[in-house]
Amino acid sequence: MNLIHSSRLFPAAPYAYAARVGQGDLVFTAGACPLDRQGRVVAPGDVAAQMRQALGNLAVALDESGAAIKDVVKTTVYVDSSDRSDLVSAWDEVAGFFGGHDVPGTLLGVTVLGYPGQLVEIEAIAVGSSR
């Protein structure tokens with residue numbers, strides 16, 4: 001995988017603009033939600049805490065699929081808010097979780113998510129190893 005950082009676009013973007021992939025199996029995750037093992041939404045009202053839970057759940061889904069965070073080539077993050085500070089809070093958690101692996105991502109404010117009290121969701125595309 002080759003993360004693409006363009007010199008023709010805003011150079012201080014906190015993510016790669018694109019990713020080029022070669023060999024391997026593509027892994028598409030469902031939206032990882034901020035659910036505990038009992039299926040309850042964690043941390044009502046706390047965007048950052050919910051995103052940390054969702055990211056942990058994403059890591060598990062990737063692992064079960066033969067992939068890891070370092071194999072992710074694209075994310076989509078959904079935040080149930082029209083307040084940009086909530087979107088930034090969610091994105092800061094994502095950026096911290098991925099560290100230097102700053103894959104391209106899309107961040108969206110939406111009006112509602114699937115579970116009562118759910119504020120965030122993240123999905124990913126990864127390239128896993130062949131099994």
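Conventions we followed
- Residues numbered from 1 in each chain as written.
- Predicted model: local features only at pLDDT ≥ 70, side-chain atom pairs only at ≥ 80, totals over all residues.
- Heavy atoms only, no water.
- Helix = DSSP H or I, 4+ residues; strand = E, 2+ residues; numbered from the N terminus.
- Expected span 1.5 Å × (residues − 1).
- Buried < 20%, exposed > 50% of the residue type's maximum accessible area, 1.4 Å probe, protein only.
- Contact = heavy atoms within 4.5 Å.
- Arc of directions from axis to C-beta.
- Axes fitted to C-alpha atoms, helices over the stretch in contact; angles between N-to-C directions.
- Left-handed = near helix turned anticlockwise from the far one by under 90°.
- Nonpolar A, V, L, I, M, F, W, Y, C, P; charged D, E, K, R; others polar.

### A look at helix α1 (residues 47-64)
The first and last C-alpha atoms of α1 sit 26 Å apart over 18 residues, in line with the 26 Å expected at 1.5 Å per residue. When we look at burial in α1, the residues that qualify are V47, A48, A49, Q50, M51, A54, L55, L58 and L62. Of the surrounding elements, those touching the buried residues of α1 are β3 (25-28), β4 (72-80), α2 (84-98) and β6 (120-128). Count one or two residues on from α1 and you reach G66, which has phi positive near 80°.

### Considerations on α2
Helix length check: α2, at 15 residues, gives a terminal C-alpha distance of 21 Å against a target of 21 Å (1.5 Å per residue), a fit within 8%. For α2, every residue scored as buried is listed here: L87, A90, W91, V94 and F98. Down the axis of α2, the smallest arc covering the buried residues is 95°, so these residues share one side. At its buried positions, α2 is contacted by α1, β4, β5 (105-110) and β6. Once α2 finishes, G99 follows within two positions and takes phi at roughly 60°, a positive value.

### Considerations on unusual backbone geometry
One can expect most non-glycine residues to show negative phi and most peptide bonds to be in trans. Here the phi dihedral of A43 falls at roughly 45°; this positive angle occurs in a residue that is not glycine. Relative to the helices and strands, A43 resides in the loop between β3 and α1.

### Considering the packing of α1 against α2
It is the contact of α1 with α2, at a shortest axis distance of 9 Å, that shows an interaxial angle of 35°. As α1 packs across α2, the resulting crossing turns out to be right-handed. Mapping the contact onto sequence places V47, A48, M51, R52, L55, L58 and A59 in α1 and D86, S89, A90, E93, V94, F97 and F98 in α2. Taken together, the residues that form the contact of α1 with α2 break down as ten nonpolar, one polar and three charged.

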